[in-house]
Amino acid sequence: MEQALSEAWLRLLRDHSALVSGGNEDAITNQLMTELVVLRSIECPAGFHAGLFGMPVRDGKVPSWDGKSIDQMPDITIYPAIPRHNIADQRHDALFYECKVLDKTRGLNLYRSQGIERFTQGRYAWRMPHAGMVAYVLESSEISPTTALTDYFSHVNKAGKTIGSELGAFIAPTSVEKAKTVYVSDVAESKHFRTVPVLSGKMGVISLRHLWLIATPIS
């Protein structure tokens, strides 16, 4: 799926550079979705097609783990084309992604509070063992999620706790897939204990894959 997102981003940069430069997260995500729909129809990259993947959805609503909110909206949701068997609730069996802009005014604190924590606190993907964070890197001195998140997670707050420990991170972010273009980062993976929920017979752990899409590569 990350290859499809990367290809969609390259098309976005080629055909809609002004939209990217505008920095509107919703507008960028909406056009990224448009590109994903086209790529799915032409089976690009190989394996990304309607036989395996359902139609990508933007801001699809799902309930939180406790049902107190029925309007949780991950930025991108992609269901399997054919529902899997033995799934208790098909609404929660999907690839869920949250997208965030990284620039001079929107940094990793926002990426954390309006991104990572939505997964660790049982709002998004709470029945899934994995999910994804996508960053649109418009202005930043650091374009590697592995390096940036490792440093960020090590920061200590006034109570003497690291940001990583507050996020339940028990394995340092690691690079799990190499980038194939300068406009896309290596994919990083971080693993977290969720604060909620604890499903019967399952550890409250979620693996987050971080894909950073780069507007202007650092020379």
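Anyway, here's the lowdown on the structure attached to this text.

The linkage connecting cysteine 44 with the following residue, proline 45, adopts the cis geometry, with an omega of 0 degrees. The residue glutamate 43 is not glycine, and still its phi comes out positive at about 55 degrees. With respect to the helices, strands and loops of the structure, glutamate 43 is situated in the loop between helix 3 (25–41) and strand 1 (57–58). Despite not being glycine, alanine 125 shows a phi value in the positive range, around 55 degrees. With respect to the helices and strands, alanine 125 occurs in the loop between helix 4 (108–120) and strand 4 (130–137). Accessibility expressed as a relative area gives 4% for alanine 125, which makes it buried.

Further remarks concern the environment of arginine 194. Looking at the secondary structure, you find arginine 194 in the loop between strand 6 (187–193) and strand 7 (205–214). Separated by 26 residues in the primary sequence, arginine 194 and glycine 168 place their C-alpha atoms 6.6 Å from one another. In this view, arginine 194 contacts Phe119, Thr120, Ala125, Trp126, Met128, Gly204, Val205 and Ile206; residues no more than four positions away in its chain are not counted. From its side chain, arginine 194 meets the backbone oxygen of valine 205 in a polar contact 3.0 Å long.

Moving on, we get to the pattern of salt bridges. If you walk through the whole model with that rule in mind, you get 16 salt bridges. Between arginine 14 and aspartate 15 there is a salt bridge, with its nearest N and O atoms 2.9 Å apart. We classify arginine 14 as exposed; its relative accessible area is 58%. Glutamate 25 is the partner of lysine 100 in a salt bridge, and the nearest nitrogen-oxygen pair spans 3.6 Å. You can see lysine 100 sitting in strand 3 (residues 95–102) and its partner glutamate 25 sitting in helix 3, a full 75 residues away along the chain. For lysine 100, a relative accessible area of 3% translates into the label buried.

Taken in spatial order, the seven strands make up an open sheet running 1-2-3-4-7-6-5, and their pairing is mixed. With partners counted over all chains shown, the strands left at the sheet margins are strand 1 and strand 5 (169–177), one partner each. Here strand 1 runs beside strand 2 (residues 76–78); their pairing, made up of two bridges, is antiparallel. Across the sheet, the residue bridging to arginine 58 is isoleucine 76, located in strand 2.

A few words on the pairing of strand 3. The buried count for strand 3 comes to seven of eight residues, which makes it a mostly enclosed element. The pairing of strand 2 with strand 3 spans three bridges and is classified as antiparallel. Note that in strand 3 the partner of threonine 77 across the bridge is phenylalanine 96. Across six bridges, strand 3 lies against strand 4 in parallel orientation. For cysteine 99, the partnering residue across the bridge sits in strand 4 and is valine 134. Handedness of the strand 3-helix 4-strand 4 crossover: right-handed.

Scoring rules and cut-offs
Residues numbered from 1 in each chain as written. Predicted model: local features only at pLDDT ≥ 70, side-chain atom pairs only at ≥ 80, totals over all residues. Heavy atoms only, no water. Helix = DSSP H or I, 4+ residues; strand = E, 2+ residues; numbered from the N terminus. Buried < 20%, exposed > 50% of the residue type's maximum accessible area, 1.4 Å probe, protein only. Contact = heavy atoms within 4.5 Å. Polar contact = N/O pair within 3.5 Å; in protein donor to acceptor, adjacent residues only side chain to side chain. Salt bridge = Lys/Arg side-chain N within 4 Å of Asp/Glu carboxyl O. Pairing = 2+ DSSP bridges. Right-handed = clockwise from strand over helix to strand, strands pointing away.

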